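# What the coordinates show
Here is how the chains run, residue by residue.
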Amino acid sequence: MQGTIDGFNYGMATPVAGYAMACLGSALGLRCTVRSLATGRTRKPGWLALGAASIGCGIWTMHFIAMLGFQVSETAISYDGTLTFLSLLVAVLVVGAGVFTVGYRGTRPAPLLTAGLFTGLGVAGMHYLGMAAMQMDGSLTYTPGIVALSVLIAIVAATAALWAAVSVRGFLASLGASVIMGIAVTGMHYTGMAALGVQVAHDAHAASGNNSGALDVLPLLIGPLVFLIVAATIVMLDPMLIMGDDEPAARRARRVDIGSPQAGLGSANNGGVTSRNPGREFSAQGDYLAGREAR
């Protein structure tokens, strides 16, 4: 028989908490990737790995916090620890592959789209692998069209996240990008959940008042949550990120040129106009004076 699904057993508490974790992971990942672009070759892999792990843990934590609010009225739910942990590894590894690709190859169309496709399929795989970890007196069914839509959302979200990771600069811009990425990740999750149906066995035992699966998931959430706290501490204590030194060099150079005394002196000596090629200007003045002496 068809099971009665409730994805919001704790109201909006689990969706909001899950969304916050997705935003936190995305924000940390963006800042770490920005930091990697401004550091030497020896430290770059470390920052990229920290960023990839932050995004992967944020996505995975979002998924399982949201699943705390999931129950089927006709049966108790538990989770297979091995598959659950494997879904975490998948999330971190596929995000890592994408982050390292754009971190070293840039956001040219070919590497960006390839990395986005691979990472998006991996994130979707993480979601459905986590769903497969559920154990109950019944079986899961999916609506193919909605599943395809959730995979498409995952690919688009992953591509946009990878582009933002190496393109977005400044704290406020990174914060805005992480908010959008959190919406995309959460939207992908609940789109996938909308595709879900449960066929419950006739001899299934009704679930108790409390969500039985929470006791299996909560211990597994501790590790990723602690990691995100440690990653946030590292980011907050990094001087370059605190001072905003990830600003593009060209913009910093323009600001220095505008504010420097030399820039003002050059403009005053040239009627308020600074030559872009002083060597050519000097040569032209020499040719003019030589012509006058010849006459």
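Residues numbered from 1 in each chain as written. Predicted model: local features only at pLDDT ≥ 70, side-chain atom pairs only at ≥ 80, totals over all residues. Heavy atoms only, no water.

### So, the overall build of the protein chain
Counting secondary structure elements, the protein chain contains 11 helices and six strands. The buried share of the protein chain, taken over its 295 residues, is 42%. For the protein chain, restricting intrachain contacts to residue pairs at least 6 apart in sequence, the fraction spanning at least 24 positions comes to 87%. Carbon and sulfur atoms make up 68% of the accessible area of the protein chain, which amounts to about 15100 Å² in all. (Helix = DSSP H or I, 4+ residues; strand = E, 2+ residues; numbered from the N terminus. Buried < 20%, exposed > 50% of the residue type's maximum accessible area, 1.4 Å probe, protein only. Contact = heavy atoms within 4.5 Å. Areas by Shrake-Rupley, 256 points an atom, 1.4 Å probe, with all protein chains shown as cover.)

### Quick notes on the environment of Thr82
Topologically, Thr82 is positioned in helix α3 (residues 81–105). A relative accessible area of 61% places Thr82 in the exposed class. A sequence separation of 51 residues divides Thr82 from Ala133, and the C-alpha atoms of the two residues are 8.1 Å apart.

### So, the nonpolar core
Membership of the largest hydrophobic core comes to 49 residues, with the highest contact counts inside it found for Phe70, Tyr79, Val95 and Met134. Elements represented by at least two residues in this core include exactly α1 (13–37), α2 (44–67), α3, α4 (109–132), α5 (144–167), α6 (171–194), β6 (196–200) and α7 (214–237). Residues Ala164, Ala165, Val168 and Ala177 belong to the second largest nonpolar core, which totals seven residues. (Core = buried A, V, L, I, M, F, W, Y, C linked by side-chain atoms within 4.5 Å.)

### Some details on the packing of aromatic side chains
Considering all chains together, one arrives at five aromatic pairs under this definition. Note on Trp60 and Phe64: the rings are 4.7 Å apart at their centroids and 45° apart in plane angle, and the pair reads as tilted. One end of the pair, Trp60, and the other, Phe64, are both in helix α2, four residues apart, so they sit about a helical turn from each other. Classification of Phe64 by relative accessible area gives buried; the value is 0%. Taking 6.0 Å as the distance between ring centres and 75° as the angle between the ring planes, the aromatic pair formed by Phe64 and Tyr79 counts as edge-to-face. A residue pair is termed long-range when its members are at least 10 positions apart, and Phe64 in helix α2 and Tyr79 in strand β3 (residues 78–79) qualify at 15 residues. An aromatic cluster of three or more residues is present, and its members are Trp60, Phe64 and Tyr79. Across the ring face of Tyr104, the terminal group of Lys44 is positioned such that the distance to the ring centre comes to 4.6 Å. (Phe/Tyr/Trp six-rings, centres within 6.5 Å; stacked < 30°, edge-to-face > 60°. Lys NZ or Arg CZ within 6 Å of the ring centre and 35° of its normal.)

### What to know about a nonpolar patch on the surface
Together, Phe171, Leu172, Leu175, Val179 and Ile183 make up a nonpolar patch on the protein surface, roughly 510 Å² of accessible area in all. Residue placement: Phe171 occurs in helix α6. (Patch = residues over 30% accessible without salt bridge, like charges linked within 9 Å, V, L, I, M, F, W, Y side chains within 5 Å. Salt bridge = Lys/Arg side-chain N within 4 Å of Asp/Glu carboxyl O.)

### With respect to the packing of α2 against α3
Close contact between α2 and α3 brings their axes to 8 Å; oriented N to C, the two are set at 140°. As the angle between them shows, α2 and α3 are arranged oblique. Every pair of crossing elements has a handedness; the one defined by α2 and α3 is right-handed. Contacts between α2 and α3 involve Lys44, Pro45, Leu48, Ala49, Ala52, Ala53, Ile55, Gly56, Cys57, Ile59, Trp60 and Phe64 from the first element and Thr84, Ser87, Leu88, Ala91, Val92, Val95, Gly96, Val99, Phe100, Gly103 and Tyr104 from the second. Across the contact of α2 with α3, the residue classes break down as 17 nonpolar, five polar and one charged. (Axes fitted to C-alpha atoms, helices over the stretch in contact; angles between N-to-C directions. Parallel < 35°, antiparallel > 145°, perpendicular 65-115°, else oblique. Left-handed = near helix turned anticlockwise from the far one by under 90°. Nonpolar A, V, L, I, M, F, W, Y, C, P; charged D, E, K, R; others polar.)

### With respect to the layout of surface pockets
If a probe the size of a water molecule is rolled over the atoms, the empty space left behind becomes visible. In this structure, the largest pocket occupies an estimated 400 Å³ of space. Lining the largest pocket are 27 residues, and of these Ala157, Ala158, Ala161, Met181 and Val185 lie nearest its centre. Contributing elements (two or more residues each) for the lining of the largest pocket: α2, α3, α4, α5 and α6. Broken down by element, the lining of the largest pocket gets its largest block of residues, eight residues, from α5. Of the residues contributing to the lining of the largest pocket, the split by class is 22 nonpolar, five polar and no charged. (1 Å grid on protein atoms, 1.4 Å probe; cavity = no way out; pocket = protein on both sides within 12 Å on 5 of 7 lines; lining within 4 Å. Points joined across faces, edges and corners; volume = space filled by probe spheres on them.)

### As for the environment of Tyr190
As for its position among the elements, Tyr190 is in helix α6. Along the primary structure Tyr190 and Pro15 are separated by 175 residues, whereas in three dimensions their C-alpha atoms are 9.2 Å apart.

### What about α2?
Relative to the 34 Å expected for 24 residues at 1.5 Å per residue, α2 spans 35 Å between its end C-alpha atoms, a close match to the ideal helical length. Burial analysis of α2 places 21 of its 24 residues in the buried class, the great majority of the element. (Expected span 1.5 Å × (residues − 1).)

### Thoughts on the confidence of the model for the protein chain
Detailed conclusions should not be drawn from predicted coordinates in areas where pLDDT is low. Of all residues in the protein chain, 77% have pLDDT values of 70 or greater, and the mean over the chain is 80. Averaged pLDDT values for the elements of the protein chain fall to 45 in helix α10 (residues 261–269) and rise to 93 in α2. Taken as a whole, residues 248–290 scores under 50 in pLDDT and shows 15 contacts with residues more than four places along the chain or in a different chain. (pLDDT = per-residue confidence, 0-100.)

### Comments concerning the environment of Ser178
Relative to the elements of secondary structure, Ser178 occurs in helix α6. Judged by relative accessible area, Ser178 falls into the buried class, the value being 1%. Taking the C-alpha atoms as reference points, Ser178 and Gly29, separated by 149 residues in sequence, lie 8.9 Å from one another. Not counting residues up to four positions away in its chain, the partners in contact with Ser178 are Cys23, Ser26, Ala27 and Leu30. Within the structure, the side chain of Ser178 is placed 2.7 Å from the backbone oxygen of Leu175, a separation counted as a polar contact. (Polar contact = N/O pair within 3.5 Å; in protein donor to acceptor, adjacent residues only side chain to side chain.)

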